[in-house]
Amino acid sequence: MARMQLVFVGVFFVLSIARVGASCFSTIYSFGDSLTDTGNALISNPLVYHQINNLPYGETYFRKPTGRSSNGRLVIDFLATSLDLPFVPPYLKVRRMPLSSRLSGTNFAVAGATALDPSFLIRRGVVATTDLSLSAQINWFTQLKNNTCKQNSGCQDHFSKALYFFGEIGANDYIDATILFNPMSEIQSYTSHILDNIQASLKTLIQEGAKNILVQGIPPLGCSPAILTLRQFISDDFDENGCLISYNQISENQNSLLQRTIRRLNNKYSGVNLVYADYYHIALNILKGAKKYGFEETFETCCGSGGGKYNFNILNMCGSNGNVKSCSDPSKSMNWDGIHLTEAAYQISAASISHLVQKMCKSMHSFSC
């Protein structure tokens, strides 16, 4: 997700990530926002995204910033490992590399990306942090595929056997409008337009030969420390978990419509397997079972400067000028910087999602798992 589910994940409290094996999917192509981006935003605009180019971003696993919006690995990284594949490199890094690099998987996700085109948001007074929206990412993919297939006669088979990870998208559309304190009624009105863009993007992937697409729903926005900080004055809007009801309803509504879209596409296109990853309930169950997972902090941001219950300050966020430090042990915190989760929380999320990929693998008939 940026600046800050009907296939259902039945096992939420799984700490080990199922190893699927490279014989099932040999390549991953991924899309989304900062929950999935492994470096595109930083490469595209290092001035705007300078914060994630500073420690403590990346401190836990990579020991340095990598363009990931966390202290370490993301769900996409753990998913790649479960498939015995290398981490999925950002498109802006591999697009000029040799053909073999392009065939080993590419990540098109961009931190700050919106599902809606920038022109749509600008007409409503909302300016996103990047113009590399979902449609731009899909265009990148079609360009890469077309250029690759000019050089490789067997490329159609390659792209049909890849796993497509359609990561969370749409959260930034709501968050960007929230930062400007746009009316809730207007923020809620974005959902149908977001689903139109998601459906169009999924259709394009299918038409380009995608057969196996894992589609991730959006998380419970009302549990985000960033949104909680900005809207905490709405005293009658909190649920029993300490999350904002109105924002979680936005997430639930989009996810419900997304599942309906997936069912329609599965019915329309034979031989295509779209699977829904219920990220909303994965995140909620981690929150509710925090102590079981060893989390001592759920809403308090590990890397922040705001103090108080959420420790989030939008004017002095993690990575700002190197003067915002992280907590002593990020593995005991669920939230990293007010918007994104810690590596520890992403690893738990990935455990459930990897089981979905395992089921996708078993359902494939084109080649053996």
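Predicted model, so just to flag it, every value in this text is computed and none were measured.

## Structural notes on the overall build of the protein chain
Secondary structure summary: the protein chain contains 14 helices and five strands in total. Over its C-alpha trace the protein chain gives a radius of gyration of 19 Å, about what one expects of a compact globule, namely 21 Å for 369 residues. For the protein chain, the spread of C-alpha atoms along the principal axes amounts to about 60 × 40 × 40 Å. Buried positions account for 60% of the 369 residues belonging to the protein chain. When the accessible surface of the protein chain is summed, it comes to about 14,200 Å², and 50% of that surface belongs to carbon and sulfur atoms.

## Overview of the nonpolar core
Judged by nonpolar contacts, the single largest core of 111 residues is most densely connected at Y164, F166 and I213. In this structure, I213 is in contact with Y164, F166, L202, L205, I206, N273, L274, V275 and M360, ignoring residues within four places of it in sequence.

## What to know about the pairing of strand 3 (residues 163–166)
Along any regular strand the residues' side chains alternate between the sheet's two faces. Of the two faces of strand 3, the one lined by L163 and F165 and the one lined by Y164 and F166 are each fully buried. As paired elements, strand 1 (residues 28–31) and strand 3 share four bridges and run parallel to each other. The residue of strand 3 that forms the bridge with S30 is F165. Across four bridges, strand 3 lies against strand 4 (residues 212–216) in parallel orientation. What sits directly across from F166, in strand 4, is V215.

## Some thoughts on the sheet that holds strand 5 (residues 273–277)
If you trace the five strands from one edge of the open sheet to the other, you get 2-1-3-4-5, paired in parallel fashion. The open sheet terminates on both sides in strands that have one partner only, identified here as strand 2 (106–107) and strand 5. Across the face of the sheet, helix 2 (residues 75–82) comes into contact with strand 1, strand 2 and strand 3 while running at roughly 165° to strand 3. Relative to strand 3, helix 10 (residues 190–207) is tilted by about 170°, and along the sheet it contacts strand 1, strand 3, strand 4 and strand 5.

## Considering the pattern of salt bridges
If you walk through the whole model with that rule in mind, you get five salt bridges. A salt bridge links E343 to R73, with the shortest nitrogen-to-oxygen separation between them at 3.0 Å. Here E343, found in helix 14 (residues 343–363), pairs with R73, found in the loop between helix 1 (40–44) and helix 2; they are 270 residues apart in sequence, far enough to count as distant. A residue is classified by how much of its surface remains accessible, and E343, at 8% relative accessible area, is buried. With its nearest N and O atoms 3.3 Å apart, the salt bridge here joins K145 to E208. Taken as a pair, K145 in helix 6 (residues 134–151) and E208 in the loop between helix 10 and strand 4 lie far apart in primary sequence, 63 residues in all.

## A short note on the packing of aromatic side chains
A complete count under the given rule lists 19 aromatic pairs for this structure. An aromatic cluster is built from Y29, F31, Y91, F108, W140, F141, F159, Y164 and F166, whose rings are joined through pairwise contacts. One residue, R124, lies across the ring of F120, its end atom 3.6 Å from the ring centre.

## Examining the packing of helix 8 (residues 171–179) against helix 10
Two numbers describe how helix 8 lies on helix 10: the axes approach to 10 Å, and their chain directions differ by 145°. For the pair helix 8 and helix 10, the crossing hand works out as right-handed. Where helix 8 approaches helix 10, its residues D173, Y174 and A177 are matched on the opposing element by Y190, T191 and I194. Residues belonging to the contact of helix 8 with helix 10 are distributed by class as follows: four nonpolar, one polar and one charged.

## Here's the deal with helix 2
Helix 2 sits mainly inside the fold: seven of its eight residues count as buried. Restricting attention to buried positions, one finds in helix 2 the residues V75, I76, D77, F78, L79, A80 and S82. D84 sits one or two residues past helix 2 and shows a positive phi near 60°.

## Things to note about helix 13 (residues 279–288)
In terms of residue burial, helix 13 counts as a mostly covered element, since eight of its 10 residues are buried. Looking at the buried positions of helix 13, the neighbouring elements they touch are strand 4, helix 12 (245–268), strand 5 and helix 14.

So, how was this worked out
Residues numbered from 1 in each chain as written. Predicted model: local features only at pLDDT ≥ 70, side-chain atom pairs only at ≥ 80, totals over all residues. Heavy atoms only, no water. Helix = DSSP H or I, 4+ residues; strand = E, 2+ residues; numbered from the N terminus. Rg over C-alpha atoms; globule rule 2.2 N^0.38 Å. Buried < 20%, exposed > 50% of the residue type's maximum accessible area, 1.4 Å probe, protein only. Areas by Shrake-Rupley, 256 points an atom, 1.4 Å probe, with all protein chains shown as cover. Core = buried A, V, L, I, M, F, W, Y, C linked by side-chain atoms within 4.5 Å. Contact = heavy atoms within 4.5 Å. Pairing = 2+ DSSP bridges. Axes fitted to C-alpha atoms, helices over the stretch in contact; angles between N-to-C directions. Salt bridge = Lys/Arg side-chain N within 4 Å of Asp/Glu carboxyl O. Phe/Tyr/Trp six-rings, centres within 6.5 Å; stacked < 30°, edge-to-face > 60°. Lys NZ or Arg CZ within 6 Å of the ring centre and 35° of its normal. Left-handed = near helix turned anticlockwise from the far one by under 90°. Nonpolar A, V, L, I, M, F, W, Y, C, P; charged D, E, K, R; others polar.

On their own, these measurements won't tell you what the molecule is for.
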